[in-house]
Amino acid sequence: MEDIIENAKVAGRGGAVIFFSNILSTLIAAVGAIIVIRLLSPTEYGLYTIAGIPASMMLLFGDWGVNAALTKYIAQYRAEGKENNVASVLRAGLVFKIGVGVILTFLTFLLSDFLAGFVLRKPETSLLVKVSCLMVLGTQLYKTSWSTFLGFEKMKYNAFIQVLFAVLKALLAPLLVLLGFKALGAVVGLSLGQLAAGVVGVLIVFFILYRPLRGVSSEGAMGFLEAMRMMMRYGFPLAVIGIIGGFRSQLYSFLLVRYSSVSSIGNYGVASTFKVFVGFITFPVGNVLFPAFSKMSGSEAREELEVAFRASVKYVSFLVLPASVGVMALSQPLIGVIYGTKYSLAPLFLVLLSVGDLYCGLGSLSMGSLLSSQGETGVILKIGLLTMVVGVPLSFILIPLFGVLGFILNNLITQAVGTTLYVYWVRKLFKFKMWVGQSARTYVCLLYTSPSPRDLSTSRMPSSA
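Residues numbered from 1 in each chain as written. Predicted model: local features only at pLDDT ≥ 70, side-chain atom pairs only at ≥ 80, totals over all residues. Heavy atoms only, no water.

1. Notes on the pattern of salt bridges
Worth spelling out the cut-off: A carboxyl oxygen of Asp or Glu within 4 Å of a side-chain nitrogen of Lys or Arg is what we treat as a salt bridge. Helix and strand labels come from DSSP, where a helix needs a run of H or I of at least four residues and a strand needs a run of E of at least two; each type is numbered from the N terminus. Exposure is judged per residue with a 1.4 Å probe applied to protein chains only, and the accessible area is read against the type maximum: over 50% gives exposed, under 20% gives buried, and values in between give partly exposed.
What the rule picks out here adds up to five salt bridges. One salt bridge connects Lys-182 with Glu-44, and the closest N-O pair in it is separated by 3.8 Å. Separated by 138 residues along the polypeptide, Lys-182 in helix H8 (residues 155–210) and Glu-44 in helix H2 (residues 42–59) bring together distant segments of the chain. Here Lys-182 falls in the partly exposed class, since its relative accessible area comes to 47%. Two residues, Asp-113 and Lys-130, come together in a salt bridge whose shortest N-O distance is 2.7 Å. In this pair, Asp-113 sits in helix H5 (residues 112–119) while Lys-130 sits in helix H6 (residues 126–131), placing the two residues 17 residues apart along the sequence. According to the relative accessible area criterion, Lys-130 is partly exposed, its value standing at 21%.

2. Some words on a nonpolar patch on the surface
Note the cut-off: Excluding any residue in a salt bridge, patches collect residues exceeding 30% relative accessible area, merging like charges within 9 Å and nonpolar Val, Leu, Ile, Met, Phe, Trp and Tyr side chains within 5 Å. Throughout, the Shrake-Rupley method with a 1.4 Å probe supplies accessible areas, and for residues the shown protein chains are the sole cover considered.
Residues Ile-103, Leu-107, Phe-109, Leu-110 and Leu-111 make up a contiguous nonpolar surface patch of roughly 480 Å² in combined accessible area. With respect to the element layout, Leu-111 can be found in the loop between helix H4 (83–110) and H5. For Leu-111, a relative accessible area of 35% translates into the label partly exposed.

3. Topic: the packing of aromatic side chains
To keep things clear, this is the line we draw: Only Phe, Tyr and Trp rings are paired, with Trp represented by its six-membered ring, and only when their centres lie within 6.5 Å; those with planes under 30 degrees apart are stacked, over 60 edge-to-face, the remainder tilted. Note on criteria: charge over ring means Lys NZ or Arg CZ within 6 Å of the ring centre, with the direction from the centre no more than 35 degrees off the ring normal.
Enumeration over the complete set of coordinates arrives at eleven aromatic pairs. The interplanar angle of 40° and the centroid separation of 5.5 Å between the aromatic rings of Tyr-45 and Tyr-48 together place this pair among those described as tilted. Linking Tyr-45 with Tyr-48, this pair stays in helix H2, spanning three residues, or about one helical turn. Each of the two residues, Tyr-45 as well as Tyr-48, counts as buried. With a centroid separation of 5.5 Å and 80° between ring planes, the pair formed by Tyr-424 and Trp-425 is classed as edge-to-face. Aromatic rings pair up to connect Tyr-73, Tyr-77 and Tyr-234 into one cluster. In this structure, Lys-72 packs its charged tip against the face of Tyr-73, placed 5.5 Å from the ring centre.

4. Section: the packing of helix H13 (residues 331–339) against helix H14 (residues 346–355)
Applicable threshold: Where helices are involved, their axes are fitted lines through C-alpha atoms of the stretch in contact, as for all axes, and angles between N-to-C directions lie from 0 to 180°. In these notes the angle categories are as follows: under 35 degrees is roughly parallel, over 145 is roughly antiparallel, 65 to 115 is roughly perpendicular, and the rest is oblique. Note on convention: near helix rotated counterclockwise from far helix by under a right angle means a left-handed crossing. Clockwise means right-handed. In what follows, a contact means two residues having at least one pair of non-hydrogen atoms within 4.5 Å. Each residue receives one of three labels: charged for Asp, Glu, Lys and Arg, nonpolar for Ala, Val, Leu, Ile, Met, Phe, Trp, Tyr, Cys and Pro, and polar for the others, Gly being one of them.
At a minimum axis distance of 9 Å, the contact between H13 and H14 shows a crossing angle of 135°. By the angle class used here, H13 and H14 are oblique. For the pair H13 and H14, the sense of crossing is right-handed. Between H13 and H14, the residues in contact are Ser-331, Gln-332 and Ile-335 and Ala-346, Pro-347, Leu-350 and Val-351, respectively. For the contact of H13 with H14, a count of residues per class yields five nonpolar, two polar and no charged.

Here it is as structure tokens:
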């Protein structure tokens with residue numbers, strides 16, 4: 001029980017730091033985003049949104065499960081007092097991720113014309129895609145340093161690079177748009193901000209976290225190849241499902257681009273910006289759960305792991321579910337006041353996007369971290385493959401028929417399937433009790449406190465969607 005309390009305190013402090021940094025960075029980024037969105041037309045904002053698709057596609061090959069392995073093994077070995085293995089894991093992870101990031105950056109630049117013209121069928125985005133190659137390297141460095149900070153439970157550094165990225169993006173993107181570069185300026189501002197934050201994060205990892213470990217005795221420590229093999233064995237299922245799932249998402253995005261107007265995609269981008277309200281809660285919790293669960297490894301820690309898991313589901317539900325319903329009810333006035341009336345489809349899109357957050361009541365935010373922390377990455381692969389079997393065929397029906405609406409509905413259906421599978425496997429593997437019943441009671445409470453349908457009447461489905 002003392003270990004549970006101590007882990008809860010560490011997780012709580014880390015979650016609080018990320019919570020406040022997330023709010024601050026979101027507010028800063030929101031100011032810049034509002035300026036950019038108001039200065040750009042829906043078509044220009046749609047081009048800005050489309051330009052990031054190739055970079056996201058390249059980043060599918062940038063992880064290979066190493067980020068998750070860094071967090072898990074750093075947290076685990078620190079809890080076990082094996083500082084020499086912490087140094088080995090960190091060294092191998094940094095070399096691998098930086099090398100892969102540089103390679104993918106050059107590939108994005110070289111293939112930009114092909115990706116923009118042939119794949120996306122939007123040749124006018126070619127220059128934007130070239131610039132976005134900087135985003136590939138920046139994101140690679142940023143995520144690697146972020147995962148490392150989580151493993152060391154140094155969330156103050158997570159907070160620092162998060163706020164730094166928000167400040168740089170909020171300053172550079174609006175400035176370049178105001179100077180007349182329009183969508184290109186927005187992409188340049190985003191890419192440079194991401195790259196600068198990633199470089200700073202890696203420098204912090206090397207000089208503050210890694211260098212002190214170099215003085216630790218190397219006796220019994222893993223070599224570079226041994227550390228890489230261990231991380232790749234753990235991360236390979238995550239890499240496979242990440243790549244397959246990423247291609248699935250890219251397929252959805254390509255279908256969306258082909259069968260939706262640029263204006264509708266711009267409306268979807270605006271609606272997506274309001275997901276940050278619920279993200280204030282889910283983002284910090286999702287980040288602290290994985291290292292906290294990773295320290296509870298082995299059969300002897302199963303009881304405290306169950307207590308921690310059930311508590312995470314319970315308290316996340318109490319916060320996320322009311323916030324999600326609130327965003328749904330206020331979608332029309334929120335978008336109208338901040339962005340004006342030109343984004344008429346965005347309120348409906350926001351209502352539907354918020355439905356996915358309701359799955360948190362069943363533990364969707366906690367179950368992936370639980371399985372990953374206990375080395376059950378093969379189960380995550382199975383769930384991902386089964387979800388893809390449902391989602392991919394469905395996307396060829398819904399997206400061509402309904403455009404952005406079909407895209408969102410397809411995601412909601414696949415989320416529901418994935419959550420159901422996670423519930424099944426967690427109950428089968430860990431035999432946790434009183435968890436689904438606890439979630440059911442939470443949903444019942446929500447029904448008594450949620451807004452009436454009349455409150456949501458302003459978000460009716462437009463016929464032009």
